[in-house]
Amino acid sequence: MSNFARVHPIGYRKGRAACGENPAKRYPIYAIKGGAPTLLEQRDEVVRLLQDPNFDGDVAELLQRADDITAQIEQAQQRDARLRALQAAVPPGDPQPDTRRTEPGMQPDANGNEHPLTVAEGFVRSSALEIFRANGKRGKFAFEHRAAPTGTVTTTTQPQQNTRVPGIIPNNPDFPLLVASLLDRQTSDGTTLEYMRDMSGPQSTWNKAAVVAEGADKPKSGPFVFDLITTTLKTVAHWVPITRQAADDNGQLMGYINGRLTYGLEYKMDREILTGNGTTEMQGILTTSGIGTYQPGVGNTDVKLITVRKAKTQGELALYPPSAIVLNPMDWQDIELDEDDNGQFRVIANVTDPGAPMRLWGLTVVTTVAMTAGTALLGGFRTGATLWERQGITILMTDSHADYFTANTLVILAERRANIAVHTPQAFVKITFAAATS
């Protein structure tokens, strides 16, 4: 018997060679490539033989070998875990080692955990940027960052189907920084978006549910009114110039992408979500017919804090409990600084923790200059609308610009394609605050 057979006894069918069988029909388990097989190679070969319906070697010995390899792998995993725990252990009084990485976009959070990549971090880590630099920063390349779920990849060889939105999205509020974060977000596979908009009005107009006697006719609810809305996804984009030298600096690249390009797209997205005209622009919630409105009556001097509370009641009476409110920063300032007759703030603001979530009457507060001062939007955002995105934020870099090529300057462009489906307008209430009195 060869050395291989002695080391790997199940690698041969027992007794076949003694019976004069052709040695070419033996089953070597592990192909040795310049040395002993690794545990991974041993595992894969045993798996292959266990899956082989024609294997007629010693099955019991094969199963024993499988158990042995499993035990060795588990032992190696335990050893590695103990090693990492020992390396992380620091005796009392000894300084904590600084394990933070210094490369831009590589820093973990305070607990040492990897955080989700921003657009800029993903861009500077991408292999596309590495190849672009290796080629002397000639030509162009693109990098896409998705915040929404990845959709199906389609080709131009088949007609693309319109994205049709079924059903009503349940309400699930969270703590966002942007208006877009308040909405349910989905990925569209095409460029045309079709959805049903519920125009049935308040529940009192269509809900005919009643207690009926046994055997009596049951009432029919309705009428229900649904409009089929057909629209297209809109492209939001802009670009900035950057020198070739800055393109070699990851820190500067991240500053351009996060501080200018991404911020610009997010700001424009917020404005579109609120006030887009629905034709040449995205569909804005405030410009959608059928949303509720609340404004203090003539002579009503309710402060903004009270106005918001009454508008919340209106949303609750429509059976679409509000989850958030979008305010202009000046209106939020008025609410936070509002004082009673004794000079006490009516809203208890956590001024010692600026990062604490902003709340008002149980609602998540989002402030943005995209909202016109003097108005606000309150509603069940995930119940009432969905943000459909054809792609995430895509970053493109190129040297193919007639005005900049000879000046050693590149162009970075950021774009995204999206639109809003406001399928339940009754979930929103537009607030108009009373004019300030001197």
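Residues numbered from 1 in each chain as written. Predicted model: local features only at pLDDT ≥ 70, side-chain atom pairs only at ≥ 80, totals over all residues. Heavy atoms only, no water.

## Topic: the pattern of salt bridges
Quick note on the threshold: Each reported salt bridge corresponds to a side-chain nitrogen of Lys or Arg within 4 Å of a carboxyl oxygen of Asp or Glu. Buried residues are those whose accessible area, probed at 1.4 Å on protein chains only, stays under 20% of the maximum for their type, while exposed residues exceed 50% and partly exposed ones sit between those limits. Only DSSP runs of H or I with at least four residues qualify as helices, and only runs of E with at least two residues qualify as strands; both kinds are numbered from the N terminus onward.
Scanning all chains against the criterion turns up ten salt bridges. Between Lys-310 and Asp-302 there is a salt bridge, and its shortest N-O distance comes to 2.7 Å. Judged by its relative accessible area of 35%, Lys-310 is partly exposed. According to the relative accessible area criterion, Asp-302 is partly exposed, its value standing at 21%. Taking the shortest distance from any N to any O, the salt bridge between Arg-416 and Glu-389 comes out at 2.7 Å. With Arg-416 in strand E13 (residues 409–422) and Glu-389 in strand E12 (residues 385–398), the pair connects residues that are 27 residues apart, well separated along the chain. Under the relative-accessibility criterion, Arg-416 is labelled buried at 2%.

## A closer look at the sheet that holds strand E9 (residues 359–360)
Test applied: Pairing between two strands requires that DSSP report at least two bridges joining them.
Taken together, the six strands give an open sheet; going across it, the order is E7-E14-E11-E8-E10-E9, and neighbouring strands pair in mixed fashion. Each edge of the sheet is formed by a strand with only one pairing partner; in this case those strands are strand E7 (292–294) and E9. Of the strand pairs in this sheet, E7 and strand E14 (residues 428–432) are connected by three bridges, and their pairing is parallel. Bridge pairing links Thr-293 to Lys-430 in E14.

## What about the nonpolar core?
Cut-off, in case you're wondering: Note on terminology: a nonpolar core comprises buried Ala, Val, Leu, Ile, Met, Phe, Trp, Tyr and Cys residues joined through side-chain atoms within 4.5 Å. A contact between two residues is defined here by any heavy atoms of the two lying within 4.5 Å.
By size, the foremost hydrophobic cluster in this structure holds 43 residues, and its most contacted members are Val-326, Leu-377, Phe-381 and Phe-428. Residue assignment for this core shows that the elements contributing at least two residues are strand E6 (234–243), helix H7 (244–247), helix H8 (250–275), strand E8 (324–327), E12 and E13. The element that contributes the greatest number of residues to this core is H8, accounting for eight residues. Ignoring any residue separated from it by four or fewer positions in sequence, one finds Val-326 in contact with Val-179, Leu-182, Leu-274, Val-366, Thr-368, Met-371, Ala-376, Leu-377 and Phe-381. The next biggest cluster of nonpolar side chains, apart from the first, holds 17 residues, and it includes Tyr-294, Val-365, Ala-376 and Val-429.

## So, the confidence of the model for the protein chain
This is how the line gets drawn: pLDDT expresses, on a scale from 0 to 100, how confident the predictor is about each individual residue.
Overall, the predicted model of the protein chain reaches an average pLDDT of 74, with 67% of residues at or above 70. When the elements of the protein chain are averaged for pLDDT, helix H1 (residues 3–7) gives the smallest value, 41, and strand E11 (residues 375–379) the largest, 95. This stretch, residues 98–106, has a pLDDT under 50; its non-local contacts, to residues over four places away or in other chains, come to 13 contacts. Confidence drops under a pLDDT of 50 for residues 148–161, and excluding neighbours within four residues, the segment shows 17 contacts in the predicted structure.

## A look at the side chain of Glu-389
Definition in use: We define a polar contact as two N or O atoms separated by no more than 3.5 Å, with the added condition that, inside protein, one atom must be a possible hydrogen donor and the other a possible acceptor, whereas residues neighbouring each other in sequence contribute only through side-chain atom pairs.
Exposure remark for Glu-389: the relative accessible area of 1% places this residue in the buried category. There is a polar contact of 2.7 Å between the side chain of Glu-389 and the side chain of Arg-416.

## Focus on the packing of aromatic side chains
Counted only if it meets this: Under the pairing criterion, centres of Phe, Tyr and Trp rings, with the six-membered ring standing for Trp, must be within 6.5 Å; the plane angle then separates stacked pairs below 30 degrees from edge-to-face pairs above 60, leaving the rest tilted. Criterion for a charge above a ring: Lys NZ or Arg CZ within 6 Å of the ring centre, and within 35 degrees of the ring normal.
In the structure shown here, the tally under the stated rule is one aromatic pair. Measuring from centroid to centroid gives 5.3 Å for Phe-381 and Phe-428, while their planes differ by 80 degrees, and the two rings are edge-to-face. Pair noted here: Phe-381 is in helix H11 (residues 381–384) and Phe-428 is in strand E14, with a separation of 47 residues, a long-range link. For the pair Phe-381 and Phe-428, a shared accessibility class is recorded, and that class is buried. Between the NZ or CZ atom of Lys-304 and the centre of the ring of Phe-433, over which it lies, the distance is 5.5 Å.

## Focus on the environment of Ala-247
Position of Ala-247 relative to the elements: it lies in helix H7. Given the relative accessible area of 1%, Ala-247 is considered buried. As for Ala-247 and Val-411, which are separated by 164 residues in sequence, their C-alpha atoms are 9.7 Å apart.

## Here's the deal with the pairing of E11
Across the five residues of E11, five count as buried, placing the element largely inside the fold. Pairing of E8 with E11 involves four bridges; the strand directions are antiparallel. Residue pairing for E11: Ala-324 is matched across the bridge by Gly-379. Pairing between E11 and E14: five bridges, direction antiparallel. Bridge pairing links Leu-378 to Val-429 in E14.

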